[in-house]
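Breakdown of the fold
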Amino acid sequence: MFVSLNWLKNYVDIDQLSPEDLAELITKSGIEVEGLERFASPANNVVVGYVESCEKHPNADKLNLCQVNVGEETLQIICGAPNIAQGQKVAVAKPGAVLPGNFKIKKAKLRGVESNGMICSLQELGVEEKFVPKEFASGIFVFPEDAEIGADVNELLNLDDIIMELGLTPNRSDALSMLGVAYEVAAILDVPIRLPHTNYHTEEEKVENYVSVKVEAAEQNPYYGAFLLKDVKIGPAPLWMRNYLMAAGIRPINNVVDITNYVLLEYGQPLHAFDFDKFGSDEVVIRMAHEGEKLVTLDNQERTLTSEHLVITNGKEPVALAGVMGGADSEVSEQTTTVLLEAAYFEGQTVRKAAKDFDLRSEASNRFEKGVDPNRVQKAGERACKLLQEYAGATVLNGVFEYDHLDYSEKTVTIWTSTINDRLGTNISNDDIADILRKLNFNYEQDGETFTVYAPTRRQDIVIFEDMLEEVARIYGYDNLPFTLPSGGAQAGGLTKQQELKRYVKRFLEGAGLSETVTYSLTSKERATELVSPEVAEAMVSSVSLAMPMSEEHSTLRLSILPEMLSSVAYNLARKQVNVAYYELGSIFISKEEKVTRQPDEKVRLAGALTGEWLTHPWQQEKKTVDFFVVKGIVEALFESLNLNVTFVQAKVDGMHPGRTAQLFIGDQAIGFVGQVHPQLQKEYDLKETFVFDIDFDYILSIHENEPSFAKIPRYPSVTRDIAIVVDESVQAGALQAAIAHAGGELVKDIQVFDVYQGEHLAEGKKSIAFSLFYQDPERTLTDEEVESSYQAILDAVANEHNAELRG
Amino acid sequence: MKEQLQALEKEALEKVDDATSLKELQDVRVAYLGKKGPITEVLRGMGKLSKEERPVIGELANKVRGNIADAIDSKKASIEAAELEKQLEEETIDVTLPGRPVPTGGPHLLTSIVEEIEDLFIGMGFEVSEGPEVETDYYNFEALNLPKGHPARDMQDSFYITEEILMRTHTSPVQARTMNAMEDKRPVKMICPGKVYRRDTDDATHSHQFTQIEGLYVDKNVRMSDLKGVLDRFAKQMFGQEREIRLRPSFFPFTEPSVEMDISCKVCNGEGCSVCKQTGWIEILGAGMVHPRVLEMAGYDPKVYSGFAFGMGPERIAMLKYGVDDIRHFYTNDMRFLKQYHQA
Ligand SMILES: [Zn+2]
């Protein structure tokens, strides 16, 4: 809502404050002032001039030579505007004037003839082109005849006005009118309010003789008032009204249209003027549209209506889409002489639906949607009649033909001073409350600390105690509330064990060299099905998509963090950031239904992606490129730090390199995978060799024990034996290690691979793997015999199970 | 013999003096003090001496031996010192060469902000709650006093999956869920960080996915001044002790009264500048007293209980605190952006 301060001054006195201070007060006590701007920059030395003569320039076809009387002198001015004519009153920038844009007016010679100033258009005076009335849009502005010669134009054209832009929350639609803003300002400044005049002279002739009103949709249209005005003379609205409309962001058209717009802004009540001669009948029938019925609206668009749209008809066909837009056929034009003026209450949801269906959000629909003040509907009609009588010469017929089922009652809300103080933490007195209610212009009855408040109908937002609590608090001033801390029991806050574990894992991975990402949960339908971990693929039935996505890119809920994470990797590669090491802890969404009827299961996953160099230390010739074992090492270390035993099993996972991927298990539970992205998919994502992991973190949360038990520090020495064995190259280290652990018995505390070799000195298809075995008994020193016998058992086992030979 | 011994001593001491390595020194030791050395040889000939001469020569021989041994030891020490020095000299490195790098990572800026805020409210007795990102229409809207058709639903155009299921548009549903789940209707004091989603086209100031932190405190006798006190403490800890807060009326369907909280602008200290659009204040969060309908729907009697709630955007806070100029930075995961916030 744009509020012209000059206009506002008609209702409340605000001159005691600077616009900035006023804006600050309004913001602090109720409505956010989002902007404070001059309507135009004021022009000095620009006055009203009378064009005494206007002749063609002797040396230029398109220029005119004018003698312009500016009061104390007559200036010779050359003017190129096409609409200049003798007898006009125009805005003259005298030599020495400075126009917006620091445009200085000087005496000049144009094609050999002297010119002492400039005749201005509104644009040249700083008015935005889109607000300038059409007839002056491509030429100079012409004042009404009564403009005083020599008068300063700043005031006449309202150029010194300041426009306050209000950001209205949905509950404060009362401030969608100048009067609403005036009530607000009156309450804040504690000043009286002056209401506009609505009295006008009526003819004997009654409206009923010309028109009747029938409402067939009372729920959607509880009130419809029809005024009839004859002898209307279409012309320009008075200058002050045009100025206010322009300041409020509306382009003036003609007196009838401008007056309905003016009253709309003044009262917050939309009105509609029909050309009664083109109305097509003498009855106004308001009903729901028939399915498929057509209406050509003011913007010359044909609209196909449905039974959910409320229409004004002439008994035969629609003439207006109620509360949204009038019909083209009955539009007020230059020829209009009889006006049927509609002042009605249309129900918000109905108007909202129509405005939405036809994408026709307007000043009118916006106000109906939010609910207009029942007590201002007819008043606004009367105000328009008064103005039409005054400024369009209209004869107003007696009465208003109306249909009325509107609820005009004020809601009563009871408040108690003590409860207000309990809720606010204040010490407000009964008198303070009474004073606040008086400032708000709310009627009330007081009985000690009990106030029965009659919420005025302009404030539809006030319904319950808490609404009044807010009114009292904001007028009392939030700045005046004390600072306290909750008096309730000193409860200890904290993280749950699971939340702590999440933080631990994050810090662990960060310490291991990974950077945390936050990627989008919504991905493309295609990506959503990529790199899905086998246990997720098994649990899900379908991916979940939005009903109406903004774009295909973000249309489907992720089933893995990896696709969007890989997009981020590619984003970096494209910007020459070739070393990337990521992790993310976030939800995926698993639906177990073919067609979604319930919320999908949200599972927390821990994913990572690494590419490029892991370690570069050139001058010592050290360089490690990310490979499977870098990523596996991080994952292993994580699980070790969580004291969880995880096994890696060679596996095939969609989208992953078939030879370089391991599935992870804790016991029999599949919990994710680690490996290299399939080279083909790498190519699709524009990646280099990239290694990823994806782990079911919810499962880890569910099994993790937070308190590790104490294990004694061994007091007896350990014995190390190395063993190098030769096996077929297909035998996996993990299998050998399992066999060694099993055969070696309890004394084997740790087994580490320290060499893997294939090539010279070994038969084709064979490889050698060397392990270090650590033997220990916490209770005593081991004997050579014990170690030897375990060692032999190990040799026998690997020989039997894996055809292994001791490497000679 | 006496002369012989003295000559030997002189000769040996000269050789000790000339020795340049431990090996040479050892050779001298063997040559003069060994069992086959000349001194032993001299002593062997002592039998020929008179009784009177014997002890004199014996003493002299021992003295000569002692002198040579001492000279050797002292020479050994000095050679060892020289050799150590030489070794250390050889081992000297250029300490200005770069060290071996350690892979380093760190948290995302949003996580840092969220954890900082979590810890701050934990310090004031709050717990951390979480809720689903895919919500029901009931919890996302209806339980928050936003019935179907409510105009305020326009404020947050939503991503629906079905008519009843949608991507949550705020973390506020966790309020309702937490209160509903509380079977004995105990006081609730929690904050809830999480991802939220709105139908926005991604640009410098909009993101279809962003983060929110919701706070809720419901108890007997919760006052609006408590909200002001808690928010003031939050603002001072998060943005600096010099910051002032102010509350302005606003509107949220799930709180009444509703306010917006501003902090005094850090750049201009409230004087007005381009960052605060000349107002001296910067909007940080929305808050209010929990609407009685919301309490009622969650099974808390609004005559007995009252509460406050607040909600803020970590992206906005990060943008203010660190001057991040484009919200998309939080989601493109450019390593150059991420690394900036890994330092302590
Ligand atoms: Zn500032």
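Residues numbered from 1 in each chain as written. Chains lettered and ligands numbered in written order. Predicted model: local features only at pLDDT ≥ 70, side-chain atom pairs only at ≥ 80, totals over all residues. Heavy atoms only, no water.

1. Considerations on the environment of V95(B)
With respect to the helices and strands, V95(B) occurs in the loop between α4 (53–91) and α5 (109–122). Once the C-alpha coordinates of V95(B) and L60(B) are considered, the two residues, 35 residues apart in sequence, prove to be 56 Å apart. (Helix = DSSP H or I, 4+ residues; strand = E, 2+ residues; numbered from the N terminus.)

2. Regarding the confidence of the model for chain B
Reading fine detail from the predicted coordinates is not recommended where pLDDT is low. Of the residues in chain B, 99% have a pLDDT of 70 or more, and the chain-wide mean is 90. Overall fold confidence for the complex sits at a pTM of 0.85, while the interface term, ipTM, reaches 0.87. (pLDDT = per-residue confidence, 0-100.)

3. Some remarks on the domain arrangement of chain B
Segmentation of chain B into domains returns domain 1 (2–90) and domain 2 (109–341). Between the C-alpha centres of domain 1 of chain B and domain 2 of chain B the distance comes to 92 Å. (Domains from an automatic or database assignment.)

4. Observations concerning the coordination of the zinc ion
Residue and element names in this part refer to chain B. Taken together, the protein donors to the zinc ion comprise C265 (SG), C268 (SG), C273 (SG) and C276 (SG), at separations of 2.2 to 2.3 Å. Its four donor atoms give the zinc ion angles of 104 to 114° at the centre, a pattern that matches the tetrahedral case. Donor residues for the zinc ion sit on one chain with the sequence pattern C-x2-C-x4-C-x2-C. Highlighted residues: C265 in the loop between β7 (255–264) and β8 (281–290) and C276 in the loop between β7 and β8, separated in sequence by 11 residues. (Donors = N, O, S within 2.8 Å, 3.2 Å for Na, K, Ca; no water. Tetrahedral: all angles 85-135°; square planar, octahedral: opposite > 155°, others 65-115°.)

5. Examining the nonpolar core
Grouped together as the largest cluster of nonpolar side chains are 104 residues, with contacts concentrated most on I415(A), F121(B), F234(B) and F310(B). Not counting chain neighbours up to four residues away, the residues in contact with F121(B) comprise F126(B), I191(B), V230(B), F234(B), F310(B) and M312(B). If you look at the next biggest cluster of nonpolar residues, it comprises 99 residues, including L8(A), I31(A), F227(A) and A380(A). (Core = buried A, V, L, I, M, F, W, Y, C linked by side-chain atoms within 4.5 Å. Buried < 20%, exposed > 50% of the residue type's maximum accessible area, 1.4 Å probe, protein only. Contact = heavy atoms within 4.5 Å.)

6. Details of the sheet that holds strand β6 (residues 245–252) of chain B
Residues and elements named next belong to chain B. Reading across from one edge, β1-β4-β5-β9-β8-β7-β6 is the order of the seven strands in this open sheet, with mixed pairing throughout. Of all strands in the sheet, those with a lone pairing partner are β1 (127–128) and β6, marking the two edges. Pairing of β8 with strand β9 (residues 305–312) involves five bridges; the strand directions are antiparallel. Paired with G288 across the bridge in β9 is A309. Against the sheet, α5 makes contact with β1, β4 (188–197), β5 (209–220) and β9, and its axis sits at roughly 165° relative to β4, the strand it touches most. Sitting on the sheet, helix α8 (residues 224–239) is in contact with β6, β7, β8 and β9, with an inclination near 145° to β8. (Pairing = 2+ DSSP bridges. Axes fitted to C-alpha atoms, helices over the stretch in contact; angles between N-to-C directions.)

7. Here's the deal with the layout of surface pockets
All names here are of chain A. As a volume, the second largest pocket reaches approximately 1,600 Å³. Taken together, 34 residues make up the lining of the second largest pocket; nearest its centre are K632, E636, V646, F648 and Q737. Among the elements of the structure, α17 (628–641), β36 (647–650), β37 (656–666), α20 (733–744) and β41 (748–757) are those that each provide at least two residues to the lining of the second largest pocket. Broken down by element, the lining of the second largest pocket gets its largest block of residues, eight residues, from α17. Among the residues making up the lining of the second largest pocket, the classes are represented as 16 nonpolar, 12 polar and six charged. Structurally, the lining of the second largest pocket is a two-domain feature, drawing no fewer than three residues from each of domain 5 (498–703) and domain 6 (719–806). (1 Å grid on protein atoms, 1.4 Å probe; cavity = no way out; pocket = protein on both sides within 12 Å on 5 of 7 lines; lining within 4 Å. Points joined across faces, edges and corners; volume = space filled by probe spheres on them. Nonpolar A, V, L, I, M, F, W, Y, C, P; charged D, E, K, R; others polar.)

8. Details of the sheet that holds β36(A)
Residues and elements named next belong to chain A. One open sheet holds the seven strands; their spatial order is β29-β32-β33-β39-β38-β37-β36, and the pairing between them is mixed. The two strands at the open ends of the sheet, each matched to only one other strand, are β29 (515–516) and β36. Bridge count for β29 against strand β32 (residues 580–590) is two bridges, and the pairing is parallel. Bridge pairing in β32 links E516 to Y583.

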